[in-house]
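Residues per chain are reported as follows:
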Amino acid sequence: MIDILGEFPAMKIGELREFKKSIDGSFSEFTGEYGEAIEGFFDPLLWFLVWFEKLLLATPWPIILLIVGSLAWAGSRSIKIASGAILAFIAIGYFGMWEDTMSTLAIVSVATLICIFIGIPMGILMARSKYAQTLVTPLLDIMQTIPAFVYLIPVVMLLGIGKVPGLIAVCIYALPPVVRLTNLGIRLVSKEALEAADAFGASYSQRLFGVQIPLALPNIFAGINQTIMMALSMVVIASMIGVAGLGVPVLRSISNQYLALGLLNGLAIVALAIIFDRVTQEYGKRLQKHRHGDHS
Amino acid sequence: MSDIAISIKGLYKIFGKRPKKMVEYVKDGMSKADLLDKHNHVLGLKDINIDIPAHKISVIMGLSGSGKSTLIRHINRLIEPTSGNIDVYGKDVLSMSKVELREFRRHQTSMVFQKFGLHVHKTVAENVAYGLVIQGISLDQAKKDSHKWLERVGLDGFEDYYPAQLSGGMQQRVGLARALATDADILLMDEAFSALDPLIRADMQDILLDLQQDLHKTIVFITHDLDEALRIGDSIAILRDGEVIQQGNPQDIILKPDDDYIVDFIQEINRGRVINIKSIMNKGKTVEGPSFHQSSVLENVLTAVVDSDNHAANVVDDNNEIIGSIHLQEIATAIAKPAVKSNININYK
Ligand SMILES: Nc1ncnc2c1ncn2[C@@H]1O[C@H](COP(=O)(O)OP(=O)(O)OP(=O)(O)O)[C@@H](O)[C@H]1O
Ligand SMILES: [Mg+2]
């Protein structure tokens, strides 16, 4: 009697071992059977990522500075932010982190693009159907809360160590915000604006591209901003499975206790995050400007 | 009678999970309150039969929740009826396919909304061009084609403003121009001026009446404001709890209200300023005295009638021919407020 209260009536150790074994076994089998096909499927992605990384690395640094400065200006229309971005990149180069930064930029950019291409249509689908929303929401919750290491295991089992599994891990983590905010943004579009579209005989696509998406754009943009931030925050974890970039020296510093090295690379990640954040936020604000009455 | 543009027959709308079943209860006489209490369904519209004449302004009036918006949205099928028929120029709107309905909305009806329904991410010119763009015309061309409507409502020079930069009255002028730009014959206006200040509202009514002189659109105009209804309506239908309780020309409704609800409605209006002499005259009879045009309102003839020897006057038509006469007594009776049947204590002010 007392016994049963003292210890939780768990599965017998042997049974549990068998249970886990059978899962591992069947996944290994799956990997053996389809691993190569799946890898092949991701080949174009790998090719694109490598190409983009090489392009960034091959471009002379003054040109990169110029591009960074003008993109920051185009996004934010702020001299302060644009010159801040250039200064940050000069500092990064001066402290010898240029190449790692380019690699990180490459993977974050590609991951963000993938998230946008998958996430926005997903968000639109969720906004359109209640069913899709109830199905996808818990999935997004899991993606955001499950520790990254847990989904790294099957990804690595399937694809091994390298850029593609790293990219996938980053995307899994960074995808939810853009999906959620696209869905939210579209659902928040005013009933009146939509009714007007219907009353004038708009088709589904005229409604979507003419009214819903443009009106949801500030929210979608906030989602993209968060997605970029989350992709950046995955850089260190991604480097554990073979992604080049600023995460690699950080990992090295942890195992060897190099304080300065870790700090510098960490700060470089922070600098990238701040630049991305300010530029996209300012851009998002500009998108919304004429909706609040001030003359433009 | 002029020809009928929109014919609505036996229209029912019930909101809820099983509306078809509920229609039977309502047809058997269940009230809106009972339907809500016992079956948790909302009676939106009940057995609506209205013929809306072409090229006239037909007003639908009623208090909040009486089903006005629901009714007008059936005409372009933004709301699906539970049962009934809607014909527009002889075409059955309810049997239209999705594509046909879209074409119908693009070319035959347009709409003006209480909260304007403008697209805040588009400029004024883009908003006005919207209906044409939806028809498949390029934005540039649509802007050119719709520009005259922008001028017509007095917004020339505001092309590149955004709606948020305009006042409410100006925004609704954008809404009106947008609706006119598609050249649709039928204009559906759901409390289009209700959100505006009284002065601006009067302005908008003037603009609408002015436009109507040239355009002769078929306008369905919804309002809860009797003064507005009397000012612009060629005919008025009154809705209560989803039912039409009286329809006719404005003079009839004021002079012969069908029930207490309507009497209540017309209590506060200035009758002397609304009722015209034609609607109370004795047809054919001629008297010694001054003559007035048939559209003159009582207030404007009262002094002259009092001053005349017989306390009477003649009513003449557009050709200045006498068509009837009025006496002081009839004017006085018409100006007196009708008694509320349930409240015989009349309060003469
Ligand atoms: N989608 C809906 N679901 C349930 N009930 C509804 C729905 N739309 C309208 N109703 C109900 O139908 C009735 C008529 O509503 P409607 O909006 O047509 O009134 P209205 O005369 O336009 O009022 P207002 O002057 O406030 O605009 C109301 O009782 C309302 O609560
Ligand atoms: Mg309404």
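Each chain has its residues counted from 1, running along the sequence as written. Whichever chain is written first is A, and whichever ligand is written first is 1; the rest continue in order. The predicted nature of this model means local features are confined to residues of pLDDT at least 70 and side-chain atom pairs, given and counted, to a pLDDT of 80 or more, with totals for whole chains, interfaces and linings taken over all residues. Where side-chain values are given, they derive from all heavy atoms of the structure, hydrogens and water being excluded.

Visitor: Even after reading the chapter, I still don't get the overall build of chain B, so can you show me in this structure?
Guide: Runs of E in the DSSP output that reach at least two residues are strands. Runs of H or I that reach at least four are helices, and both are numbered from the N terminus. A tally of helices and strands in chain B yields 15 helices and 14 strands. We compute the radius of gyration from the C-alpha atoms alone; for a globule the expected value is 2.2 Å times N to the 0.38, where N is the number of residues. The C-alpha radius of gyration computed for chain B amounts to 23 Å, which stays within 12% of the reference 20 Å derived for 349 residues, consistent with globular compactness. In terms of overall dimensions, chain B has a C-alpha envelope of 70 × 55 × 35 Å along the principal axes. Throughout, exposure labels follow a simple rule: accessible area from a 1.4 Å probe, protein chains only, divided by the maximum for the residue type, with under 20% read as buried, over 50% as exposed, and the rest as partly exposed. By residue count, 50% of the 349 residues in chain B fall in the buried class. Residue contacts follow a heavy-atom distance rule, with two residues in contact if any of their heavy atoms lie within 4.5 Å. Taking the contacts inside chain B whose residues are at least 6 apart along the sequence as the reference set, 67% of them involve residues at least 24 apart.

Visitor: Help me understand the nonpolar core, please; the structure alone is not making it clear to me.
Guide: As a rule of thumb, nonpolar side chains are buried together in soluble globular proteins. By size, the foremost hydrophobic cluster in this structure holds 66 residues, and its most contacted members are F89(A), M102(A), V108(A), L167(A), V178(A) and L232(A). Top contributing element to this core by residue count: helix α5 (residues 98-128) of chain A, with 14 residues. Filtering out sequence-adjacent residues up to four positions away, L232(A) remains in contact with T104(A), V108(A), I269(A), L272(A), A273(A) and F276(A). Put simply, buried Ala, Val, Leu, Ile, Met, Phe, Trp, Tyr and Cys residues joined by side-chain atoms within 4.5 Å make one nonpolar core. M61(B), I219(B), F221(B) and I326(B) belong to the second-largest nonpolar core, a separate cluster that totals 59 residues.

Visitor: I would appreciate a short explanation of the site of ligand 1 in the present structure.
Guide: All names here are of chain B. Taken together, F15, K32, V42, L63, S64, G65, S66, G67, K68, S69, T70 and E191 make up the full set of residues adjacent to ligand 1. Under this definition, polar contacts are N or O atom pairs within 3.5 Å; protein pairs additionally need one hydrogen-donor-capable and one acceptor-capable atom, and for neighbouring residues in sequence, both atoms have to be side-chain atoms. At 2.4 Å from an oxygen atom of ligand 1 is found a side-chain nitrogen or oxygen belonging to T70. At a separation of 3.0 Å, an oxygen atom of ligand 1 approaches a polar side-chain atom of E191. For ligand 1, whose free accessible area comes to 630 Å², the fraction covered by protein is 61%. Under this grouping Gly is polar, as are all residues other than the nonpolar Ala, Val, Leu, Ile, Met, Phe, Trp, Tyr, Cys and Pro and the charged Asp, Glu, Lys and Arg. Considering only residue class, the shell around ligand 1 consists of three nonpolar, six polar and three charged. When at least one non-hydrogen atom of a residue lies within 4 Å of a molecule or strand, that residue is treated as near it. Each accessible area value is a Shrake-Rupley result obtained with a 1.4 Å probe; residue values ignore everything except the protein chains displayed when judging cover.

Visitor: What is the right way to read the environment of T70(B) from this model?
Guide: All names here are of chain B. Inspection of the secondary structure assignment puts T70 in helix α3 (residues 68-75). The class of T70 is buried, set by a relative accessible area of 12%. Residues T70 and S58, 12 residues apart in the sequence, show an inter-C-alpha distance of 16 Å.

Visitor: Mind showing me how you'd approach the sheet that holds strand β1 (residues 4-15) of chain B here?
Guide: Note on sheets: strands pair through backbone hydrogen bonds, and any given pair is parallel or antiparallel. All names here are of chain B. Two strands make a pair as long as DSSP finds a minimum of two bridges between them. Strand order in the open sheet formed by four strands is β2-β1-β4-β5, and the pairing between neighbours is antiparallel. Strand pairing shows two members of the sheet lacking a second neighbour, β2 (42-53) and β5 (91-92), which therefore form its edges. Bridge count for β1 against strand β4 (residues 83-88) is five bridges, and the pairing is antiparallel. Looking across to β4, one finds that I8 is bridged to I86.

Visitor: Quick question: what am I supposed to make of the packing of aromatic side chains here?
Guide: Within 6.5 Å between ring centres, the rings of Phe, Tyr and Trp (the latter by its six-membered ring) count as paired, and their orientation is classed by plane angle as stacked under 30 degrees, edge-to-face over 60, tilted in between. Within this structure, the stated rule accounts for 12 aromatic pairs over all chains. Aromatic side chains F27(A) and F30(A) sit 5.9 Å apart centroid to centroid with 35° between the ring planes, which places their arrangement in the tilted category. Of this pair, F27(A) and F30(A) both sit in helix α2 (residues 13-58), separated by three residues, roughly a single helical turn. Looking at F27(A), the relative accessible area reads 24%, which means it is partly exposed. Look at F30(A) and you get partly exposed, because its relative accessible area is 35%. Connected via pairs of aromatic rings, a cluster forms that spans W47(A), F48(A), W51(A) and F52(A). Stacked on the ring of Y204(A), the Lys or Arg R128(A) has its end atom at 4.2 Å from the ring centre. Geometrically, a lysine NZ or arginine CZ counts as sitting over a ring once it is within 6 Å of the ring centre and also within 35 degrees of the ring normal. The aromatic ring of Y261(B) is capped on one face by R240(B), whose charged end is 4.9 Å from the ring centroid.

Visitor: Help me understand the layout of surface pockets, please; the structure alone is not making it clear to me.
Guide: Picture a little ball the size of a water molecule; that probe, rolled over the atoms, points out where space is still empty. Residue and element names in this part refer to chain A. Empty space within the largest pocket amounts to approximately 830 Å³. Here a cavity denotes grid points, spaced 1 Å and computed from the protein atoms alone, that fit a 1.4 Å probe unable to get out, and a pocket denotes an open set having protein on both sides within 12 Å along at least 5 of 7 lines; residues with an atom within 4 Å of a point are the lining. Around the largest pocket, the lining comprises 29 residues; the ones closest to its centre are L71, L105, S109, I228 and F276. Secondary-structure elements contributing two or more residues to the lining of the largest pocket are α2, α3 (61-76), α5, α10 (204-233) and α13 (259-288). The residue inventory of the lining of the largest pocket, partitioned by class, reads 24 nonpolar, five polar and no charged. Grid points are joined across faces, edges and corners, and a volume is the space filled by probe spheres set on the points.

Visitor: Would you take a moment to explain the sheet that holds strand β13 (residues 312-316) of chain B for this structure?
Guide: Residue and element names in this part refer to chain B. Read from one edge to the other, the open sheet built from four strands follows the order β11-β14-β13-β12, with strand pairing classed as mixed. Since the sheet does not close on itself, it has two edges, and those belong to β11 (282-283) and β12 (291-293), each with one partner. Each axis is a line fitted through C-alpha atoms, taken for helices only over the stretch in contact, and angles between the N-to-C directions span 0 to 180 degrees. Along the sheet, helix α14 (residues 298-307) contacts β12, β13 and β14 (322-327); its crossing angle with β12, the most-contacted strand, is approximately 175°. Against the sheet, helix α15 (residues 328-335) touches β11 and β14, its axis set at about 75° to β14.

Visitor: Quick question: what am I supposed to make of the domain arrangement of chain B here?
Guide: In many reports, interface size means the accessible area that the parts give up when they come together. Residue and element names in this part refer to chain B. Those domain boundaries reflect an automatic or database domain assignment. What the domain assignment lists for chain B is domain 1 (4-266) and domain 2 (271-335). Using C-alpha coordinates to define each centre, domain 1 is positioned 36 Å away from domain 2. Across the contact, five residues belong to domain 1 and seven residues belong to domain 2. Carbon and sulfur atoms supply 63% of the area buried between domain 1 and domain 2, which totals about 520 Å² over both sides. Among the residues domain 1 hides against domain 2, the three largest losses belong to Q251, I254 and L255. Together they make up 84% of the total. One speaks of a salt bridge when a side-chain nitrogen belonging to Lys or Arg is within 4 Å of a carboxyl oxygen belonging to Asp or Glu. Summed over the shared surface of domain 1 and domain 2, the result is zero salt bridges. The tally of links from domain 1 across to domain 2 stands at three residue pairs in polar contact (both at pLDDT 80 or more). Here the element with the most residues in the side of domain 1 that touches domain 2 is helix α11 (residues 250-255); it accounts for three residues. Residue composition of the side of domain 1 that touches domain 2, grouped by class: four nonpolar, one polar and no charged. By buried area we mean how much accessible surface two parts lose on assembly, using a 1.4 Å probe and totalling the loss over both.

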